[in-house]
Amino acid sequence: MTRWFGFLLAMAVGAAGGLFYGWVIDPVKYIDTTPDALRIDYRSDYVLMTAEVFQVEENLPDAIRRLALLDDASPVQIVSQALEFAEQHGYSPEDLAAMRFLYQALQSWNPVLGTLTP
Amino acid sequence: MRDERGYWYLLTGVLIGAVLGLLYAWLVQPVQYTHTSPASLRSDFKDQYRRLISAAFLANGDLVRAKARLDLLNDEDSYRVLAEQAQRSMAEGASFDEARAMGLLAAAIKQGAPVISPTLPPVPASPLAETTAPEAALTATLAVTLTLDGTPLPLFIPTSPSLSATASSLQAPLLALTPSPTPGAPFVLVNREQLCDSGLGQAQIQVLALDAAAQPVSGVEIIVTWAGGENHFFTGLQPEISVGYADFTMTPGITYTLRLAEGGQPIPGLSTSECKGADGGTYLSNWRLEFSQP
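What you are looking at is a predicted structure, and each value in this text was computed from that prediction instead of being measured.

Calculation notes
Residues numbered from 1 in each chain as written. Chains lettered and ligands numbered in written order. Predicted model: local features only at pLDDT ≥ 70, side-chain atom pairs only at ≥ 80, totals over all residues. Helix = DSSP H or I, 4+ residues; strand = E, 2+ residues; numbered from the N terminus. Contact = placed C-beta atoms within 7 Å. Buried ≥ 20, exposed ≤ 12 C-beta atoms within 10 Å, placed from the backbone. Core = buried A, V, L, I, M, F, W, Y, C linked by C-beta atoms within 7 Å. Pairing = 2+ DSSP bridges. Axes fitted to C-alpha atoms, helices over the stretch in contact; angles between N-to-C directions. Expected span 1.5 Å × (residues − 1). Arc of directions from axis to C-beta. Nonpolar A, V, L, I, M, F, W, Y, C, P; charged D, E, K, R; others polar. Left-handed = near helix turned anticlockwise from the far one by under 90°.

Focus: the overall build of chain B
Right, on to step 1. Scanning chain B from N- to C-terminus turns up 8 helices and 10 strands.
Right, on to step 2. Contacts in chain B between residues far apart in sequence, at least 24 positions, make up 69% of those at least 6 positions apart.

So this is what it looks like as structure tokens:
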């Protein structure tokens, strides 16, 4: 019984050591990640960049192409999530305005026809 | 009997436990990667990210924000990486606008130019923008105030190459409170010389664009034509030489004509020929053309 207890205890110590090594000392490293794994604040900034460009160029296909790089979700959904984050975290009125401008343009976008719906 | 077996069972337990722990840590429940940073992106996505940062910089003129964004990519030397990517894009036949945006951003980083923002004063309210140094924002506001004190200036860096050249050329003189160059004045050829440079290894047309204050101007579009071909390129893509510099590699036997897209006289008869360098060696000659705004 003591022997079994010792064996299990040793295994637990080993497992703890393995976890410590695998999580802390040498965790799995993801060096070639894709944009869809970006943290929400980085994603929001990516959307903000797209909105900043769109505000000047007003080229919706280009904006959609840029947003498509971020996620498989619909562009409206991506911008909506970013806008929500931006509103909650006190982005400047100018930044919010740019993102809303893009959001509104996307809402009137007809993906089938590739045109703006009046 | 028990003593003969010793304590090997403990070592066995530790080993089995360690293997199970590693399997769990690496395979079953590895470190999450759902909240990654731009620094971990694959290189092609980093290229896309840089393109978007440059395009956003061109749209809002906010260098402080653009630099903060570039810092997220953990590039060792942002301006060099940008300049190289701009040149690579041009070589690969990618969009001129994208290459130009990257070249302009690289040039702005090299120059340390102030922010030209359409939204005054710059309000760094996003989490990313909060990382920018307050003194940088102050400099930016000051620069814009100085700008507004004198001649009214466009607050956007416009997308037209000719206007952007004017905008970028205005930045350096403003900091030094020197008179601004004439906006939109056409460039004129002030120097044309044929060089025999042994160090280049290829025949080039080297162009340098300067404003009226003799400051290099980035973003000037240059058009080179020859029998059966045409090529466009911009100053500012090699900021390590000069932000007003651009070059074009000539093929022996072909005669080129060069002109700036925004006007000015065409410069015909540009071809390379063999020449003797100072060291007595034979090389292909280069052309050096210097343009300036009056």
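Examining the overall build of chain A
Right, on to step 1. When helices and strands are tallied, chain A shows 5 helices and 2 strands.
Right, on to step 2. Reading the helices (α) and strands (β) of chain A from amino to carboxyl end gives α-α-α-α-α-β-β.
Right, on to step 3. A burial count over chain A gives 33% of its 118 residues as buried.
Right, on to step 4. A fraction of 58% describes how many contacts in chain A between residues 6 or more apart in sequence connect residues 24 or more apart.

Let's talk about unusual backbone geometry
Residues and elements named next belong to chain B.
Right, on to step 1. In the Ramachandran plot, Asn 74 falls in the positive-phi region, its phi being about 55 degrees despite a non-glycine side chain.
Right, on to step 2. One non-glycine residue, Ala 214, adopts positive backbone phi at about 65 degrees.
Right, on to step 3. Structurally, Ala 214 is set in the loop between strand 2 (204–210) and strand 3 (221–226).
Right, on to step 4. Given 11 C-beta atoms within a 10 Å radius, Ala 214 is considered exposed.

Details of the nonpolar core
Right, on to step 1. Ranked by internal contacts, the top residues of the largest apolar core, which has 75 residues, are Val 79, Met 99 and Leu 102 of chain A together with Ala 56 and Leu 105 of chain B.
Right, on to step 2. When near neighbours in sequence (up to four residues on either side) are disregarded, Met 99 of chain A contacts Val 47, Leu 48, Ala 51, Val 79, Ala 82, Leu 83 and Ala 86 of chain A.
Right, on to step 3. Ala 10, Met 11 and Ala 15 of chain A together with Val 14 of chain B belong to the second largest nonpolar core, which has 5 residues in total.

A word on the sheet that holds strand 2 of chain B
Residues and elements named next belong to chain B.
Right, on to step 1. Reading across the sheet, the 4 strands line up as 1-10-2-5 and stay open at both edges, with mixed pairing between neighbours. Looking at which strands have only one partner, the edges of the open sheet turn out to be strand 1 (188–195) and strand 5 (245–249). Going from strand to strand, the sheet's axes swing by 15 degrees on average, the running direction of each strand aside.
Right, on to step 2. Here strand 2 runs beside strand 10 (residues 286–292); their pairing, made up of 6 bridges, is parallel.

Remarks on helix 5 (residues 78–91) of chain B
Residues and elements named next belong to chain B.
Right, on to step 1. If you check helix 5, its first and last C-alpha atoms are 20 Å apart, about what 14 residues at 1.5 Å a residue would give, namely 20 Å.
Right, on to step 2. Where helix 5 is concerned, the buried positions are Ser 78, Leu 82, Ala 83, Gln 85, Ala 86, Ser 89 and Met 90. The buried residues of helix 5 all sit within an arc of 165 degrees when viewed along its axis, so they share a single face.
Right, on to step 3. Looking at the packing, one finds that the buried side of helix 5 touches helix 3 (43–60), helix 4 (63–71), helix 6 (96–111) and strand 4 (229–234).
Right, on to step 4. A positive backbone phi angle near 75 degrees is found at Gly 93, which sits one or two residues after helix 5.

Topic: the interface of chain A and chain B
Right, on to step 1. The partner chain B presents 40 residues to the 47 residues of chain A that form the contact.
Right, on to step 2. If you list the elements that add at least two residues to the side of chain A that touches chain B, you get helix 1 (2–25), helix 2 (40–57) and helix 5 (93–107) of chain A.
Right, on to step 3. With 17 residues, the top contributor of residues to the side of chain A that touches chain B is helix 1 of chain A.
Right, on to step 4. Its residues assigned to classes, the side of chain A that touches chain B shows 26 nonpolar, 12 polar and 9 charged.

Some points on the packing of helix 1 of chain A against helix 2 (residues 8–28) of chain B
Axis angle and axis distance: for two packed helices, these are the angle between their axes and the distance between the axes, and together they describe the pair.
Right, on to step 1. Put simply, helix 1 of chain A and helix 2 of chain B touch, their axes get as near as 6 Å, and they point 35 degrees apart. Our pair here, helix 1 of chain A against helix 2 of chain B, has a crossing hand that is right-handed.
Right, on to step 2. Its residues placed into classes, the contact of helix 1 of chain A with helix 2 of chain B shows 23 nonpolar, 8 polar and 1 charged.

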